[in-house]
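Read off the chains here:
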Amino acid sequence: MRAMPVIAALLMSLSALAGASATHADELVQVAPHRASAISANADSTPPLFGFLTRPNAPGRFPAVILLHGCPGFTEHDTAAAGMLKTWGYVGLALDSLGNANMCGEAAAGGAAEMLDAHAALRYLTSLRFVDSARVAIMGWSMGGTAALAAMEKHTGQLTGQTSIRAVVAYYPDCGASSGVLTIPALILVGERDDWAPAAACRKLATHESDLGTRRDASAGTPIDLVVYPEATHAFDYRLPPMHYLGHFTQYDAAATRDAEVHVRDFLHRVLGEPAEGAR
């Protein structure tokens with residue numbers, strides 16, 4: 001399921017853009033001196049945390065979205081998502097949390113690393129003069145979606161003290177790993193035919209019940225919006241041929257992908273507010 005690694009290709013293509021006339025070229029940035037380690041206790045021994053940064057071609061300060069990739073790692077899917085956010089008037093920062101590692105067999109460790117990297121990404125974004133630090137969201141896919149939800153749970157202590165994180169979007173996360181008691185509004189998008197991250201667990205979260213064995217009060221935490229696509233599988237927005245991967249079936253669904261983008265855009269607009277006028 002992993003597409004070809006894109007860091008090397010990005011370096012070449014972005015260097016070609018250096019002399020371009022675009023107001024703000026997309027760029028590969030160093031977010032932190034070290035990325036969180038998914039396989040070692042010594043985080044200081046890991047390479048730098050890089051991210052693909054996009055920003056609207058207009059002056060001003062913009063809301064921003066931190067993007068967390070799935071367990072196969074950082075691919076063209078993530079750079080495309082950051083580019084889409086740019087056209088909507090948002091700064092996008094897609095993190096390369098795993099380098100060349102594939103954590104699909106160790107998603108818990110990979111997700112924990114992504115949570116820490118999201119914290120570093122928040123610090124980085126709020127240091128940028130063109131980012132409205134009071135309007136930042138976090139969005140993830142699969143393992144990254146699970147990490148995004150976990151980062152915003154009341155009991156984690158990871159990003160809960162950061163008032164600038166105002167929304168979370170999770171594509172087909174492992175809802176069974178979440179308490180559902182979140183500090184900010186959430187949007188979850190999942191397929192009914194997903195045999196990796198079942199929609200049934202996400203329905204429990206949206207109706208105030210947790211697979212962790214507890215039922216939360218309807219007033220606990222913030223609202224969870226859930227969209228379930230009847231014919232969609234896991235990774236329904238990855239433009240790849242149908243395949244079986246680690247025993248799970250994945251298939252691209254163009255209609256679900258388009259509808260999910262509409263829901264995400266409307267949700268971000270509703271929670272973060274109107275992006276700056278003229279941002280493109």
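Residues numbered from 1 in each chain as written. Predicted model: local features only at pLDDT ≥ 70, side-chain atom pairs only at ≥ 80, totals over all residues. Heavy atoms only, no water.

Engineer: Honestly, the pattern of salt bridges in this entry has me stumped. Any pointers?
Structural biologist: When charged atoms on two side chains of opposite charge get close, those side chains can pair. In this structure the tally under the stated criterion is four salt bridges. With a closest N to O distance of 3.1 Å, Asp26 and Lys86 form a salt bridge. Here the residue Asp26 occupies a position in the loop between helix H1 (7-17) and strand E1 (27-32), and Lys86 occupies one in helix H2 (residues 76-88), the gap between them amounting to 60 residues. By relative accessible area, Lys86 is classed as buried at 13%. The salt bridge partner of Arg135 is Asp132, with a shortest N-O separation of 2.9 Å. The same class applies to Arg135 and to Asp132, which are both buried. (Salt bridge = Lys/Arg side-chain N within 4 Å of Asp/Glu carboxyl O. Helix = DSSP H or I, 4+ residues; strand = E, 2+ residues; numbered from the N terminus. Buried < 20%, exposed > 50% of the residue type's maximum accessible area, 1.4 Å probe, protein only.)

Engineer: Explain the nonpolar core here, please?
Structural biologist: The biggest cluster of nonpolar side chains holds 78 residues, and the ones touching the most others in it are Ile66, Leu125, Tyr171, Leu189 and Leu268. Counting six residues, the second-largest nonpolar core is a separate cluster that includes Cys71, Leu98, Met143 and Tyr245. (Core = buried A, V, L, I, M, F, W, Y, C linked by side-chain atoms within 4.5 Å.)

Engineer: Can you walk me through the sheet that holds strand E6 (residues 165-171) in this structure?
Structural biologist: Sheet strands pair by backbone hydrogen bonding; their relative direction is either parallel or antiparallel. With mixed pairing, the eight strands of this open sheet are ordered in space as E1-E2-E4-E3-E5-E6-E7-E8. Looking at the sheet topology across the chains shown, the edges are occupied by E1 and strand E8 (224-229). When the angles between neighbouring strand axes are averaged without regard to direction, this sheet yields 20°. Looking at chain direction, strand E2 (residues 49-54) and strand E4 (residues 91-96) are connected through five bridges and run antiparallel. In the sheet register, Leu53 faces E4, and the bridge partner there is Leu93. (Pairing = 2+ DSSP bridges. Axes fitted to C-alpha atoms, helices over the stretch in contact; angles between N-to-C directions.)

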